[in-house]
Amino acid sequence: MLVGDDMNLSEKNMKIDRRGFLSNLLKGAACIVTVASLPRLALAAWNEKAFKAETLEGAMSSKYPGLEFVDSSAIKLKAPAIAENGAVVPVGVKTDLPDVKTISLFVEKNPSPLAATFHLTPINVADVSIRIRMGETSNLIAVVESGGKLHRVQQEVKVTIGGCGG
Amino acid sequence: MKIKAKVKKDITKVKMLIKHDMETGRRKDQDGNIIPGLYITEVSASHNDQPVFYAEVGQAVSKDPYMAFSFKGGASGDKISITWKDSSGATETGEAAIK
């Protein structure tokens with residue numbers, strides 16, 4: 001009797017163990033899925049195609065497919081006329097345009113022209129700044145996506161010492 | 001990472017300075033071998049755990065990136081948290097209180 005009871009008990013234990021193990025496994029899997037999806041939620045997708053494009057047209061069309069560009073005077077692009085050091089060029093973009101979704105910066109002659117894209121929400125003030133590299137004297141283009149249109153402004157920045165390589 | 005956040009007339013301005021080499025993948029070492037690219041690709045920020053900023057960046061961002069953005073609302077003492085992720089998948093999060 002005693003032996004039989006023991007056997008029953010151990011069988012029961014084994015069952016519980018197996019069930020426990022399975023449920024733990026599922027919980028573990030759920031955790032991994034949650035952890036894997038969290039950074040994606042926090043950090044949406046990096047537009048690899050646009051950042052790896054080697055021409056201005058390529059970068060712009062990968063970043064903003066199918067949208068028309070209009071030149072705009074409603075964007076204030078703040079950048080030096082002459083940058084002594086191309087490795088650190090301070091750039092600021094400000095606009096009063098309503099409903100700004102994104103602001104992107106392109107450097108026409110950089111090996112990869114797209115420098116950055118800022119994603120804004122209605123609580124943001126459309127006023128961003130960043131320091132970028134410029135390989136050589138080039139046009140700097142700021143694009144503001146607002147109201148389903150792309151507004152563009154550009155400025156030439158003369159670079160005395162290049163910011164790429166060396 | 002250094003974060004400075006200041007509220008003025010209901011607008012909070014957040015400035016950040018991240019320590020990162022931002023290797024472009026185009027530089028060569030002394031022996032002429034290309035140094036592999038390793039650069040920040042994404043930066044996001046939250047105010048009291050609500051997202052307030054997200055940027056995608058590329059190799060053209062300077063070494064030790066500086067960025068600034070603004071948002072409406074925010075009060076002195078509120079928490080600002082900033083996270084970056086680089087092309088190797090490494091991340092870092094920094095926090096500061098609004099002044």
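Residues numbered from 1 in each chain as written. Chains lettered and ligands numbered in written order. Predicted model: local features only at pLDDT ≥ 70, side-chain atom pairs only at ≥ 80, totals over all residues.

Caption draft 1: The arrangement of the overall build of chain A in detail. The helix and strand inventory of chain A stands at three helices and nine strands. Listed by position from the N terminus, the elements making up chain A come as α-α-α-β-β-β-β-β-β-β-β-β. Here chain A holds 166 residues, and the buried ones make up 30% of them. Sequence separation of 24 or more characterises 68% of the internal contacts of chain A that already satisfy a separation of 6 or more. (Helix = DSSP H or I, 4+ residues; strand = E, 2+ residues; numbered from the N terminus. Buried ≥ 20, exposed ≤ 12 C-beta atoms within 10 Å, placed from the backbone. Contact = placed C-beta atoms within 7 Å.)

Caption draft 2: Seen up close, the environment of A:Thr160. All names here are of chain A. With respect to the helices and strands, Thr160 occurs in strand β9 (residues 149-161). Look at Thr160 and you get exposed, because 10 C-beta atoms sit within 10 Å. For the pair Thr160 and Asn85, spaced 75 residues apart in the sequence, the C-alpha separation amounts to 6.4 Å. Leaving out residues up to four positions away in the same chain, Thr160 has contacts with Ile82 and Glu84.

Caption draft 3: Focus on the nonpolar core. In terms of nonpolar packing, the biggest core is built from 55 residues, with A:Ile103, A:Phe106, A:Ala115, A:Ile132 and B:Val61 touching the most fellow members. Not counting the four nearest positions on each side in its chain, A:Ile132 is found in contact with A:Val89, A:Val91, A:Leu105, A:Val107, A:Ala115, B:Ala60, B:Val61 and B:Ser62. (Core = buried A, V, L, I, M, F, W, Y, C linked by C-beta atoms within 7 Å.)

Caption draft 4: Region of interest: the interface of chain B and chain A. Listed by partner, the interface residues are 29 residues for chain B and 31 residues for chain A. Elements supplying a minimum of two residues to the side of chain B that touches chain A: β3 (40-47), β4 (50-57), β5 (66-72) and β6 (79-86) of chain B. Looking at the side of chain B that touches chain A, the element that brings in the most residues is β5(B), giving seven residues. Two strands pair when backbone bridges link them, and strand β7 (residues 124-132) of chain A and β5(B) are joined in this way by four bridges, in the antiparallel orientation. Within β5(B), the position partnered with A:Asn124 by the bridge is B:Phe71. (Pairing = 2+ DSSP bridges.)

Caption draft 5: Main features of the sheet that holds β7(A). Taken in spatial order, the six strands line up as β2(A)-β4(A)-β7(A)-β5(B)-β2(B)-β1(B) in an open sheet, and their pairing is antiparallel. The sheet terminates laterally at β2 (75-78) of chain A together with β1 (2-8) of chain B, the two strands that pair on one side only. This sheet shows a mean twist of 10° between the axes of neighbouring strands, independent of strand direction. In this structure, β1(B) lies alongside strand β2 (residues 11-17) of chain B, joined through seven bridges in antiparallel fashion. From the neighbouring strand, B:Lys4 faces β2(B), where its bridge partner is B:Lys15. (Axes fitted to C-alpha atoms, helices over the stretch in contact; angles between N-to-C directions.)

Caption draft 6: Structural context of the pairing of β7(A). Relative to β7(A), strand β4 (residues 89-95) of chain A runs antiparallel, the two sharing six bridges. Note that in β7(A) the partner of A:Val93 across the bridge is A:Val128.

Caption draft 7: Representation of the environment of A:Ile82 within the structure. Counting through the fold element by element, A:Ile82 comes out in strand β3 (residues 82-85). Taking the C-alpha atoms as reference, A:Ile82 lies 5.6 Å from A:Val157; in sequence the two are 75 residues apart.

Caption draft 8: Structural view of unusual backbone geometry. Residues and elements named next belong to chain B. Even without glycine at this site, Met22 takes up a positive phi of about 50°. With respect to the helices and strands, Met22 occurs in the loop between β2 and β3. Positive phi, close to 50°, is recorded for Asp64, a residue that is not glycine. Relative to the assigned elements, Asp64 resides in the loop between β4 and β5.

Caption draft 9: Spotlight on helix α3 (residues 56-63) of chain A. All names here are of chain A. The set of residues buried in α3 consists of Ala59, Met60 and Lys63. Burial along α3 is one-sided: seen end-on, the buried residues are contained in an arc of 95°. The inward-facing, buried residues of α3 abut α2 (48-52), β5 (100-107) and β6 (114-119). (Arc of directions from axis to C-beta.)

Caption draft 10: A look at the confidence of the model for chain B. Residues and elements named next belong to chain B. Confidence in the prediction of chain B, expressed as mean pLDDT, is 94, and 100% of residues score 70 or more. When pLDDT is averaged over each helix and strand of chain B, the minimum, 94, is found for β4 and the maximum, 97, for β2. For this predicted complex, the interface confidence score (ipTM) comes to 0.93, while the overall pTM stands at 0.80. (pLDDT = per-residue confidence, 0-100.)

Caption draft 11: Highlighting the pairing of β6(A). Residues and elements named next belong to chain A. In terms of burial, β6 is a largely internal element, five of the six residues being buried. Strand direction decides the pairing type here: β5 and β6, joined by five bridges, are antiparallel. Residue Ser104 lies in a different strand from β6, and its bridge partner there is Thr117. Turn length for the β5-β6 hairpin, with the two strands adjacent in sequence and antiparallel, is six residues.

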